[in-house]
Amino acid sequence: MRLNELEKIRAEKINAMRETGIEPYPTRAERTHTTAQAKQAYEEIEGQSGASPLAVTVTGRIRSIRTMGKICFAHIEDMDGRLQLFLRVNEIGAEAMKFFTTHYDLGDFVQAEGDVVRTRTGEISLLVKEFRMLAKAIKPLPAAKDEVVDGQVVQHATLQDPELRYRQRYADLAVNADVRELFRLRSDVVRAMRAFLDDHGFLEVETPILQPIYGGAAARPFVTHHNQLHQDLYLRISFELYLKRLVVGGIERVYEIGRDFRNEGVSFKHNPEFTQMEFYWAYADYLQVMELTEQMIAFIAQEVLGTMQITFDGHEIDLTPPWKRVNLREGLLEVTGIDIADYPDSASLAAAMKAKNIQADSTAARGKLIDKLLGDHLEPTLIQPTFLYDYPIDISPLAKKLPNDPTTVERFEGFVGGMELCNAFTELNDPLDQEERFLAMGREYVEGDDERHPMDDDYLQAMSYGMPPMGGFGIGVDRLVMLLTGKRSIREVILFPHLRDKDRGEDDGE
RNA sequence: GGCCCAUUAGCUCAAUUGGCAGAGCAGCUGACUCUUAAUCAGCGUGUUAUAGGUUCGAGUCCUAUAUGGGUCACCA
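Quick caveat, the model's predicted, so the values are computed rather than measured. (Residues numbered from 1 in each chain as written. Chains lettered and ligands numbered in written order. Predicted model: local features only at pLDDT ≥ 70, side-chain atom pairs only at ≥ 80, totals over all residues. Heavy atoms only, no water.)

Q: Explain helix α8 (residues 240-248) to me, please; I cannot follow it from the model alone.
A: Residues spaced three or four apart along an α-helix point in a common direction, a consequence of the helix completing one turn every 3.6 residues. Within α8, seven of the nine residues are buried, which leaves the element mostly enclosed by the surrounding structure. Taken together, the buried positions of α8 are Glu240, Leu241, Tyr242, Leu243, Lys244, Arg245 and Val247. In this structure, the buried side of α8 is in contact with β9 (210-211), β12 (253-261), β13 (273-282), β20 (419-426), α14 (457-464) and β21 (470-476). Directly after α8, the chain includes glycine 250, whose backbone phi takes a positive value near 105 degrees. (Buried < 20%, exposed > 50% of the residue type's maximum accessible area, 1.4 Å probe, protein only. Helix = DSSP H or I, 4+ residues; strand = E, 2+ residues; numbered from the N terminus. Contact = heavy atoms within 4.5 Å.)

Q: Could you clarify how one ought to interpret the layout of surface pockets in this entry?
A: Where empty space is left in the structure can be found by rolling a water-sized probe over the atoms. The space that makes up the largest pocket amounts to roughly 1400 Å³. Around the largest pocket, the lining comprises 48 residues; the ones closest to its centre are Ala218, Arg262, Glu413, Glu420 and Asn423. Within the residue set of the lining of the largest pocket, elements represented by two or more residues are β13, α12 (366-378), β19 (405-416), β20, β21 and α15 (477-485). Counting residues per element, the lining of the largest pocket draws most heavily on β20, at six residues. Taken together, the residues that form the lining of the largest pocket break down as 18 nonpolar, 13 polar and 17 charged. (1 Å grid on protein atoms, 1.4 Å probe; cavity = no way out; pocket = protein on both sides within 12 Å on 5 of 7 lines; lining within 4 Å. Points joined across faces, edges and corners; volume = space filled by probe spheres on them. Nonpolar A, V, L, I, M, F, W, Y, C, P; charged D, E, K, R; others polar.)

Q: What's the story with the domain arrangement of chain A in this structure? I'm lost.
A: By convention, interface size is frequently given as the accessible area that disappears when the constituent parts associate. Here the domain parsing of chain A yields domain 1 (5-140) and domain 2 (179-323 + 384-492). Here the C-alpha centroids of domain 1 and domain 2 sit 49 Å apart. (Domains from an automatic or database assignment.)

Q: Could you clarify how one ought to interpret the pairing of strand β2 (residues 71-78) in this entry?
A: Along any regular strand the residues' side chains alternate between the sheet's two faces. Within β2, seven of the eight residues are buried, leaving the element largely enclosed by the surrounding structure. In this sheet, β2 lies alongside strand β1 (residues 55-68) in antiparallel orientation, the contact comprising seven bridges. Within the sheet, the bridge partner assigned to threonine 67 lies in β2 and is cysteine 72. Where β1 folds back onto β2 in an antiparallel hairpin, the turn is made up of two residues, including glycine 69, whose phi is positive at roughly 75 degrees. Bridging between β2 and strand β3 (residues 81-88) involves eight bridges; their strand directions are antiparallel. Following the sheet pairing, cysteine 72 is matched in β3 by leucine 87. In sequence, β2 turns back onto β3 through a hairpin of two residues. (Pairing = 2+ DSSP bridges.)

Q: How do you make sense of the side chain of arginine 165 when you look at a structure like this?
A: By the element assignment, arginine 165 lies in helix α5 (residues 162-167). Accessibility expressed as a relative area gives 10% for arginine 165, which makes it buried. Within the structure, arginine 165 has its side chain in polar contact with the side chain of aspartate 172 (distance 2.9 Å). Here glutamate 492 takes part through its side chain, which lies 2.9 Å from a polar atom of the side chain of arginine 165. Residues in contact with arginine 165, not counting those within four places in the same chain, are Leu159, Gln160, Asp172, Asn176, Val179 and Glu492. (Polar contact = N/O pair within 3.5 Å; in protein donor to acceptor, adjacent residues only side chain to side chain.)

Q: Explanation requested: a nonpolar patch on the surface in the structure shown.
A: A cluster of nonpolar residues, Tyr170, Leu495 and Phe496, forms a patch on the protein surface that exposes about 350 Å² of accessible area. In this structure leucine 495 comes out as partly exposed when scored by relative accessible area, which is 34%. (Patch = residues over 30% accessible without salt bridge, like charges linked within 9 Å, V, L, I, M, F, W, Y side chains within 5 Å. Areas by Shrake-Rupley, 256 points an atom, 1.4 Å probe, with all protein chains shown as cover. Salt bridge = Lys/Arg side-chain N within 4 Å of Asp/Glu carboxyl O.)

Next up, the structure:
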């Protein structure tokens, strides 16, 4: 390990401690109270006359030290918060005081035992009788200093460099309490989502991440290889086809929360691996799924934030159901003046778009053009929660056609804050129709669009055994967390977002 | 992948038309028995991302590279 000047000084303290017979990395620690428990316990007995002193043992990381000759104040931080340690020569002796001030640094993990007291300025503190090093830090944490003004923590210097924050998330978490809070909230979101689905009779399952045939979404997969089986495998791009197999098997309400992998561009809203939740609901259609969706999101917001009013990207957003419902064709007509029903093929649609000065690739499929219109012109306007419904069939190969319109499928997407949040449809359960769609996809696949669906014979076989009508749903959990925390970058809500490898760069000819 | 911006001390940031690289925090030395961004006195810790180039002289100008950020393309 290469050490800089600061680190050498700390490493030297480790040696000095060992020389006096003190182990700076002891095997065990003791704790009777967290910092918050200690404070709470003290407040409960504080007023009582004749109460005996509250003796506690706490543990945590040293976040501040203020030495004042024969006394010393230091804050330690644990997962619950902070507690001030109050060391006095009167209490521990000059030798122990000297040892503390010369061997203990910011960032060290310590254990301290003593009585909880209130200092003259009113802060509940631990009057230390015994203290012990639990783990000596060699590297100084990135400087972070804050003060509490009117109950608000004001940060004066923090770790801000995004690269360092993402690559060394441990340091980010250690010094930025709001980051810890965000990931606690993320955990709350997932827990609330799970509770909602469990309460509605859904069974949580786990399906393969390594798949011989990928499918369920239009995305390029990661490829890997099983050595002993001499078999290429794909990291899943969605759970869809496996979860629907389970509905064939009789699991009428099923969901999975897990990781999807897509071998595509990285951006502020795309990470190569991201957390997805999908559920499938037998005997329901997309309208019922729509209702359940708005209830679920509202429930999660209420559970996690205590409100359905959120602020995202400067917009006040109200998640209270029911959400606005807009027919895709009508929505596009309103913002672009183009009625896609008037243009049944891609050539005429592309021409209509060009007539409106909208860039259009006339060789693209009609569905792709509609998707582009949607993404460029409609999506950014959908700030308040909105369901867009009824999508063109050619970008929805797993969704069921409208009973009276074979060009359109029963599909909706939910948008909030100008961002796509979820996607759902009435699932196609006709195996012959599905085979035709696969074949059509296969043709496009061969023609070079490597994001199209390969044929999945086993999935067709499953459907051939009989698949009940059902509604299906998928939501990007990371995006939901972005929405609920007001973060514009997906990297802020993923603990270890993907970053380029810093140590390479020479030998991988791009 | 294209374009734009950034990269200076452990952290946050300065540095005039190209002219000796410097502040706060933390760190080191000392003082201080109720501090809390503690205070006071002293100490500046650096391959200015990397490799070249222009120049008497480069943190500053030019080229390339790396990483990050933004944006466009891409993206159910």
